[in-house]
Amino acid sequence: MAISFGFQTYTWQMSYEKYRDQLDHIMDVAAEAGGIGIEPEVCMLGRYRDAPLALLDALNQRGLQLGALCLALDWRHGVETEEERSEADRVIRYLEHFPGTVLTMVQLPGKDRSELASRQANALANINAVARRASEQGIPCAYHPNSPSGSIFRVEDDYKVLLNGLDARYCGYAPDTGHISKGGMDVEAIIRTYRSLIKHVHFKDMNAANESWSALGEGSIDHKAIMRYLNETGYDGWIMVEEESKGAESDPDRVTLQNGVYIREELAVMGE
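Within each chain, residues carry numbers counting from 1 in the order of the written sequence. Reporting of local features is limited, given that this is a predicted model, to residues whose pLDDT is at least 70; pairs of side-chain atoms are given and counted only at 80 or more, and all residues count toward the totals for whole chains, interfaces and linings. Working from all heavy atoms in the structure, the side-chain values ignore hydrogens and water.

(A) How the structure looks around the pairing of strand β4 (residues 68-73). β4 sits mainly inside the fold: six of its six residues count as buried. For two strands to be treated as a pair, DSSP must find at least two bridges joining them. Secondary structure is summarised from DSSP: a helix means a run of H or I of at least four residues, a strand means a run of E of at least two, and numbering begins at the N terminus for each. As judged from the six bridges shared by β4 and strand β5 (residues 102-107), these two strands associate in the parallel manner. Bridging from a neighbouring strand, L73 pairs with Q107 of β5. When the strands point away from the viewer, a crossover counts as right-handed if the path from the first strand over the helix to the second runs clockwise. A crossover links β4 with its parallel partner β5, the connecting element being helix α5 (residues 82-95), and its sense is right-handed. The cut-offs for exposure are 20% and 50% of the maximum accessible area for each residue type, with area from a 1.4 Å probe on protein chains only; residues under the lower value are buried, those over the upper are exposed, and the others partly exposed.

Written out as structure tokens, the structure reads:
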């Protein structure tokens, strides 16, 4: 199998009030950009939130797949709250209609990094619990760390805690190249170090000089080298592309089409 490219809907989620129930439009743009899949956060499902068969039909009409579905919760306590467990189990049931789709998980960032060790331990307990239940239903899982200032898995020491704390029987790692760089780390080194855990990948570019997000191929991250390494090591999962630049916030359709050109002309050909 070859690497599959798709688009993460956070590019549109930054303008949430405008796009919160526009998944049909987003799927149209993703297909036009040449992607074969999408990865929405649960909040972006809109009218499809409780209608998995309708989403499956909408995807099929466009020749798309649900490559992944992202569950974002607080996970602040030692065990899931009743509300968190209910939502996670609802999403697991939803994904039973999409065999092979990856359940990606991300913790909503806090306001700061106080009580870091206990918060990390609590998050890991919750993530592993959700992943175990999902895996029992045949659903592959991967955790996606992010880089806002209040994220508890943000810098290299945090990654050591996270990636040694994930229960690899149930949960893999979903590296995001932009968030790795934003956390002050060497993107290629992190991906090489934790390659055995990687089950899903996000590509996002940034300019390291001023830490500003950019279009794919216009930043400092060598995505061609990363693509080459993933191919060499037999990675055959998804690469989901997203953008968080100011241009993406104002015109997510345009930047997605632009990123699609870069994928086709610079990245996809490397796997042929």
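So that's the structure; there's more coming.
(B) Summary view of the side chain of K182. Its location among the elements puts K182 in helix α8 (residues 177-182). Only four residue types enter the charge count: Lys and Arg as positive, Asp and Glu as negative, with His and the chain ends excluded. The term salt bridge refers to a side-chain nitrogen of Lys or Arg lying within 4 Å of a carboxyl oxygen of Asp or Glu. Look at K182: it is buried, it has no salt bridge, and the nearest opposite charge is E211 at 4.5 Å. Residue contacts are defined here by distance: any two heavy atoms, one from each residue, within 4.5 Å place the two residues in contact. When sequence neighbours within four positions are dropped, the list of residues in contact with K182 reads S147, R154, M206, E211 and W213.

(C) Focus on the nonpolar core. For this analysis, a nonpolar core means a set of buried residues of the types Ala, Val, Leu, Ile, Met, Phe, Trp, Tyr and Cys, connected via side-chain atoms within 4.5 Å. Core analysis: the biggest nonpolar cluster contains 74 residues, and M27, L55, L71, L103, M105, Y173 and I239 have the highest contact counts within it. Per element, the largest residue contribution to this core is six residues, and it comes from helix α6 (residues 116-136). In contact with L103, other than residues within four places in its own chain, are L69, L71, V91, I92, L95, V130, A134, I139, P140, C141 and A142.

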